[in-house]
Amino acid sequence: MFATVVDRRYRREMIIRARAVVTMDGPPIENGAVVIEGRRIVDVGSFNEVRAHNSGEVFDLGEQALLPGLINAHCHLDYTCLRGKIPPQESFADWIRAINAKKAKLSQKDYLTSINDGFAEAKRFGTTAIANLTAFPELIAQIDPPIRTWWFAELIDVRDPNHASELVDFATGALKRAGNSGGGIGLAPHALFTASRDLYRRCEEIAQREKILLTTHLAESREEMAMFRDESGPLYDFMKNIGRPISDCGDQTPLGHFSKTVRDSSTPKAFGARNDKKAIQNDPEWIVAHLNELAESDFELLERSKRKFHMVHSPRSHGYFAHSRFPFENLRALGFNICLGTDSLASNQSLSLFAEMHAFQRSEPGLSPDKIVEMVTVNAARALHQENALGRIRPAFQADLITIPRSSLANLFEEIVAFDGHVSWVMVDGKI
Ligand SMILES: [Zn+2]
């Protein structure tokens with residue numbers, strides 16, 4: 001749906017009026033309006049002001065709050081068809097075995113259906129941009145996403161660690177051949193226990209060269225901590241049994257391991273020990289999912305870190321696995337950019353970011369709701385390097401907008417976090 005040339009079907013200017021406009025640049029504007037020209041926002045303000053400065057057809061949304069479309073910072077639409085199919089398991093390793101058994105029964109056609117169903121569901125819940133990891137980058141060319149998409153090729157070489165470069169290069173080629181998805185592309189070495197050091201380093205090298213994004217899973221489970229720090233536990237046993245070399249286990253936390261893994265291709269020292277400001281600015285930024293398991297030494301490492309990577313928390317998937325508490329306040333205090341994501345439906349019930357916000361509020365009741373809404377708008381936009389294009393209603397930003405009903409009583413941000421249901425009006429890239 002993302003045209004590459006100016007589409008003459010776009011109306012020249014459209015004034016959209018709503019009971020309230022949530023710009024994410026200060027308090028909501030009551031009786032507000034947004035002006036859209038083509039794919040972009042060109043003005044926003046009170047309806048009267050906007051009307052005085054702009055001509056164009058007025059589209060009145062009535063008693064609705066207009067807000068930026070939501071951005072899902074971590075998802076795997078491949079597994080939309082696995083909703084409710086895997087009950088919580090005894091161990092994380094058992095869960096990996098269970099999903100692998102399900103995946104073995106799925107065909108390419110099943111995956112295509114799953115991904116398309118996932119896109120449709122995400123859009124119904126008001127998501128207009130998504131960071132989606134797929135294990136099948138070769139299928140992307142057959143998919144026309146209805147929302148802005150960052151496709152990440154999820155890469156695993158645990159069973160064949162000698163061809164990391166070929167794997168990354170094949171995936172990068174498939175990503176680049178796929179059509180315009182309104183977003184971008186990236187590489188996703190799956191996790192430290194399934195992706196080799198060579199694979200991580202090749203991904204950094206290519207990301208730097210091609211100016212594409214990077215994401216990975218890190219420090220998700222207690223078992224990952226036990227594997228790398230203590231050389232023990234079900235995940236350690238599982239990986240050892242399938243032939244993963246275990247010489248990198250036994251002396252460091254997953255984060256400590258990661259800091260050494262990602263240093264080499266782009267940085268001469270571990271990421272916590274650099275002072276070369278220019279080189280740091282050129283380092284590719286990782287979007288790191290999970291970080292539930294952090295030791296004292298990890299917080300010290302993060303504090304010293306010059307590479308402030310982005311973080312994604314998935315509250316409902318976190319609950320499904322009963323992981324350790326996500327150390328949100330500590331990480332926020334260290335200045336990290338923290339976003340929300342749904343993860344896949346193999347460990348979640350829906351692709352609703354409203355439900356994620358609601359679940360997150362239950363675990364962080366002291367956090368003001370506008371900060372929670374930032375996690376699915378401005379913070380996620382920043383993680384995708386779109387802080388000047390997405391996540392706010394601001395002139396020159398992309399016209400990705402949604403509405404929810406506005407009642408007269410509640411604090412509007414509170415109302416957004418509490419919203420439960422499908423979104424009735426969605427604009428993506430200037431199109432309704
Ligand atoms: Zn994930």
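Scroll up a little and you will see the structure.
Quick caveat, the model's predicted, so the values are computed rather than measured. (Residues numbered from 1 in each chain as written. Predicted model: local features only at pLDDT ≥ 70, side-chain atom pairs only at ≥ 80, totals over all residues. Heavy atoms only, no water.)

A few words now on the overall build of the chain. Within the chain one finds 16 helices and 15 strands. In terms of overall size, the chain behaves like a compact globule, its C-alpha atoms giving a radius of gyration of 22 Å where 432 residues would be expected to give roughly 22 Å. Here the C-alpha coordinates of the chain stretch approximately 70 × 45 × 45 Å along the principal axes. Split into buried and exposed, the 432 residues of the chain put 60% on the buried side. Nonlocal contacts in the chain, meaning residues at least 24 apart in sequence, comprise 73% of its contacts between residues at least 6 apart. A total accessible area of about 17600 Å² is found for the chain, and carbon and sulfur atoms account for 48% of it. The distance from the centre of the 51 positive side-chain charges to the centre of the 56 negative ones in the chain is 3 Å. (Helix = DSSP H or I, 4+ residues; strand = E, 2+ residues; numbered from the N terminus. Rg over C-alpha atoms; globule rule 2.2 N^0.38 Å. Buried < 20%, exposed > 50% of the residue type's maximum accessible area, 1.4 Å probe, protein only. Contact = heavy atoms within 4.5 Å. Areas by Shrake-Rupley, 256 points an atom, 1.4 Å probe, with all protein chains shown as cover. Lys, Arg positive; Asp, Glu negative; His and termini not counted. Charge placed at Lys NZ, Arg CZ, Asp CG, Glu CD.)

As a further point, take the coordination of the zinc ion. Protein coordination at the zinc ion comes from H74 (NE2), H76 (NE2), H217 (NE2) and D343 (OD), with a distance range of 2.1 to 2.6 Å. Viewed at the metal, the 4 donor atoms of the zinc ion are separated by angles of 86 to 165°, and the geometry they form is irregular. Here the donor residues of the zinc ion are spaced in sequence according to H-x1-H-x140-H-x125-D. Here the residue H217 occupies a position in strand 10 (residues 213–218), and D343 occupies one in the loop between strand 13 (337–340) and helix 13 (353–363), the gap between them amounting to 126 residues. (Donors = N, O, S within 2.8 Å, 3.2 Å for Na, K, Ca; no water. Tetrahedral: all angles 85-135°; square planar, octahedral: opposite > 155°, others 65-115°.)

Going through the model one piece at a time under the given rule, you end up with 1 cavity of 30 Å³ or more. Considering only enclosed or pocket space, the largest cavity measures out at about 50 Å³ in volume. (1 Å grid on protein atoms, 1.4 Å probe; cavity = no way out; pocket = protein on both sides within 12 Å on 5 of 7 lines; lining within 4 Å. Points joined across faces, edges and corners; volume = space filled by probe spheres on them.)

The biggest cluster of nonpolar side chains holds 103 residues, and the ones touching the most others in it are L187, F309, M357 and I416. Per element, the largest residue contribution to this core is 6 residues, and it comes from helix 2 (residues 92–103). Those residues within four positions of L187 in sequence are excluded, and the remaining contacts are F152, A153, L155, V168, T172, L175, C203, I206, I212, L213, L214 and T215. (Core = buried A, V, L, I, M, F, W, Y, C linked by side-chain atoms within 4.5 Å.)

The next subject is helix 3 (residues 108–124). Its 17 residues place the ends of helix 3 24 Å apart at the C-alpha level, agreeing with the 24 Å of an ideal helix rising 1.5 Å per residue. Taken together, the buried positions of helix 3 are Y111, L112, S114, I115, G118, F119, E121 and A122. Packing partners of the buried residues in helix 3 comprise helix 2, strand 7 (127–134) and strand 8 (148–155). Two residues or fewer past helix 3, G126 is found with a positive phi of approximately 85°. (Expected span 1.5 Å × (residues − 1).)

All right, on to the packing of helix 2 against helix 7 (residues 234–241) then. The interhelical angle for the contact between helix 2 and helix 7, taken along N-to-C directions, is 45°, at an axis separation of 7 Å. Taken together, the axes of helix 2 and helix 7 lie oblique to each other. Between helix 2 and helix 7, the residues in contact are A93, I96 and R97 and P234, L235 and F238, respectively. (Axes fitted to C-alpha atoms, helices over the stretch in contact; angles between N-to-C directions. Parallel < 35°, antiparallel > 145°, perpendicular 65-115°, else oblique.)

Interaxial distance between helix 4 (residues 164–177) and helix 5 (residues 197–210) falls to 9 Å at its minimum, and their mutual angle equals 35°. Read as a crossing pair, helix 4 and helix 5 show a hand that is right-handed. Contact residues: helix 4 offers A164, S165, L167, V168, D169, T172 and K176, while helix 5 offers D198, L199, R202, C203, I206 and E210. (Left-handed = near helix turned anticlockwise from the far one by under 90°.)

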